[in-house]
Amino acid sequence: MVSPPARVGNPGQEWWTAQVGVEEQPGAQATIVVSAMTEAGLVRARAIWPAMNDWAIAAPRTHSFEPVSDLAGVPTFLRFIDARAAENAAARVGRWRTVLVGGGSQAGVGINDGLPFAIYTDDGADWKPDPGAAFPTPLRIGDVTVAPPAVAGGAGAGDTPRGVDRQQHLPSVAVLPVAGDNDEVYVAFCARASRGSTNTDLYVARSIGAEASQFAFPPPSATSFFHLADTFLGTPAGTNGADQFVPAIAIDSCGGVNLMFYDNRHDPDRTDSVELVDVYYARIVDYGTGNESVTQHRLTPRSIRVENLGGNRFLGDSHNLTVSADGTTIYAAYIARDSADPVTGDRTCYVHRIDINCSGPLAEMTGDGAVTEADAAAFATAWAAGEPEADTNLDMAVDADDLVNYLITYSEEIE
C-alpha cells in the first residue's frame, strides 16, 4: 500500500510519503518494509515480528525494528508494529499528514472487533491520536451498532466467497482535497447488514477537517456514515441477501464517491458449492445529505467462478481506483478470470476508464454552459499555447490527438 495514491498527472514534488509492504520470512516470520522519499533522499526501514498469522493478538507485543538504509537517522515510521499493521491502507492528507487505516477482515478479534481503525502521523515518528505512546490508541470506524464482517468459523459463519479474498479483505481509503485545512478522508469497508445476517454490505465513513487537528470519524448514526444497503443497488435483500465486499474507493473532483467491489447478486444459488461473482462500479452523489443517489455499472461481462481456482489461490485482497489529475477520470483496476472463459480461465488483470462529467458539456470552454463557436475559439487559443485545459486525453501533452478529440466532441455538442 502506498501513501499517497498520487493523482495521475500531478507535477513532481518532493513530499514526505511512505510505502508499506509485507515480506514473508522463513519460520513464519514476516516483515513490514517501509520506505520514504524525504529531503535527505530515499530511506528504508524494516519492522519484524515472529508470527504474522497470529490474528488473535488483542494487545500489541514488542517487535524489533531494523533499519535497512545506508542513510543515518532513519525515521521510526512504525511504532504501531504488530500483526495487524500488515492490513494497512494509506492516504496522505495535505502535505505531510499520512493516515493508515487497518482492520476489517477478521471478525471478533483485533482492535475494533473486525471493523476498521485509523492512526495518523505528521512526521513519521509520532503516531496519533496518542502522542508519545509506543502503541497509540486508534480511531475506531464504526461501533457495536455495526455488525463486523462474517468470516468462516466466526460469528455469523461468513458466506462471502472465499475464493475472492480468503475472507481477509482490506478497507480502502481516499482523500478529497478541500481548500484550507478542510480535507476530507473517506474509508470504505464491508460489514454485515445486521447482526445474525450473512448479507454483507458496503459502508463508507467520512471525516472532515482531517488536516487541521486531531480528527475523528462519525458514529453510524450520522449522515456522513453511509450504509450502501441493498435498496440502493436493487440487489436481493434479507438475512441471506447478495453480498458486496472488497471495496475500493476514490473521490472525484465533483464530490462523487466512487466505489468498486465484488458482488454475487447474479449467483442463482448462493447456498450451493458453486460460487459466482461479478465486479461492479457504483457512484454515490449527494453524499452525507441523507438524500444520496447511486448509479452503478457491471464491469465483468459474465459472472466469474471462484471456488474452483485450486489450492489456496484467490483473486486478491484489494482493488484499485485511481483519479486523474483533474479529478474527472477514474481508472478502475481489478482481477477476474479471463472474460473468454469465466469458469476455468486464468486470473487476469483488467482496467476500465470511467469519465466523470459534472460540469456540463465536455466541449464547453467559456463557462456559459453552452457549446458555441466561442468555445472552439477558446480551445484553439489554449491548444496553440499548450495550456493544460487543452489536454483532452489527460496524457500530460498537448498535441494533435487532443485537437482531434475536441473536434469530435465539439461536433456532437454544438448547439
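Just so it is clear, the structure is predicted and the values come from calculations on it, not from any experiment.

1. Description of the overall build of the protein
Okay, so step 1: The helix and strand tally for the protein stands at four helices and 22 strands.
Okay, so step 2: Looking at the protein as a whole, 49% of its 415 residues qualify as buried.
Okay, so step 3: About 18,100 Å² of surface is accessible on the protein, with carbon and sulfur atoms providing 52% of the total.

2. Some points on the side chain of N258
Okay, so step 1: With respect to the helices and strands, N258 occurs in strand β16 (residues 257-263).
Okay, so step 2: A polar contact of 2.5 Å, which involves the side chain of N258, links it to the side chain of Y281.
Okay, so step 3: For N258, the residues in contact, after removing those within four places along its chain, are A248, I249, A250, I251, D252, Y281, A282, R283, L321, I330 and I356.

3. What to know about helix α4 (residues 400-413)
Okay, so step 1: The end-to-end C-alpha separation of α4 is 20 Å, in line with the 20 Å expected for 14 residues at 1.5 Å each.
Okay, so step 2: Taken together, the buried positions of α4 are D402, Y406, T409 and Y410. Buried residues of α4 fall within an arc of 105° about the axis and therefore sit on the same side. Exposed residues on α4 whose side chains face more than 90 degrees from its buried face are S411 and E412.
Okay, so step 3: Lining the buried residues of α4 we find α3 (373-384).
Okay, so step 4: The N-cap of α4, judged by a side-chain oxygen 3.2 Å from the amide nitrogen of D401 a few residues on, is D399.

4. Topic: the nonpolar core
Okay, so step 1: One finds V164, Y186, I249, L259 and Y262 to be the most contacted residues of the largest nonpolar core, which totals 43 residues.
Okay, so step 2: Not counting the four nearest positions on each side in its chain, L259 is found in contact with A188, L202, V204, L228, A248, I249, Y280, Y281, A282, I284 and L321.
Okay, so step 3: In terms of nonpolar packing, the next biggest core, distinct from the first, is built from 23 residues, V93, V101, V173 and Y203 among them.

Basis of the calculations
In this numbering scheme, every chain counts its residues from 1 along its sequence in written order. Reporting of local features is limited, given that this is a predicted model, to residues whose pLDDT is at least 70; pairs of side-chain atoms are given and counted only at 80 or more, and all residues count toward the totals for whole chains, interfaces and linings. Computation of side-chain values covers all heavy atoms of the structure but excludes hydrogens and water. Counting from the N terminus, the helices are DSSP H or I runs at least four residues long and the strands are E runs at least two residues long. Burial classes: relative accessible area under 20% of the type maximum marks a residue as buried, over 50% as exposed, and values in between as partly exposed (1.4 Å probe, protein chains only). Under the convention used here, a 1.4 Å probe and the Shrake-Rupley method define accessible areas, while residue burial counts only the protein chains that appear. Within 3.5 Å is the distance limit for a polar contact, defined as a pair of N or O atoms, with the added protein rule that one can donate a hydrogen and the other accept it, and that residues adjacent in sequence qualify only through two side-chain atoms. Between two residues, a contact is recorded if the distance between any of their heavy atoms is within 4.5 Å. For a helix, the expected span equals 1.5 Å multiplied by the residue count minus one. Think of it as the arc spanned by the lines of direction from the helix axis to the C-beta atoms. Working definition of a nonpolar core: buried Ala, Val, Leu, Ile, Met, Phe, Trp, Tyr and Cys residues. They are joined through side-chain atoms within 4.5 Å.

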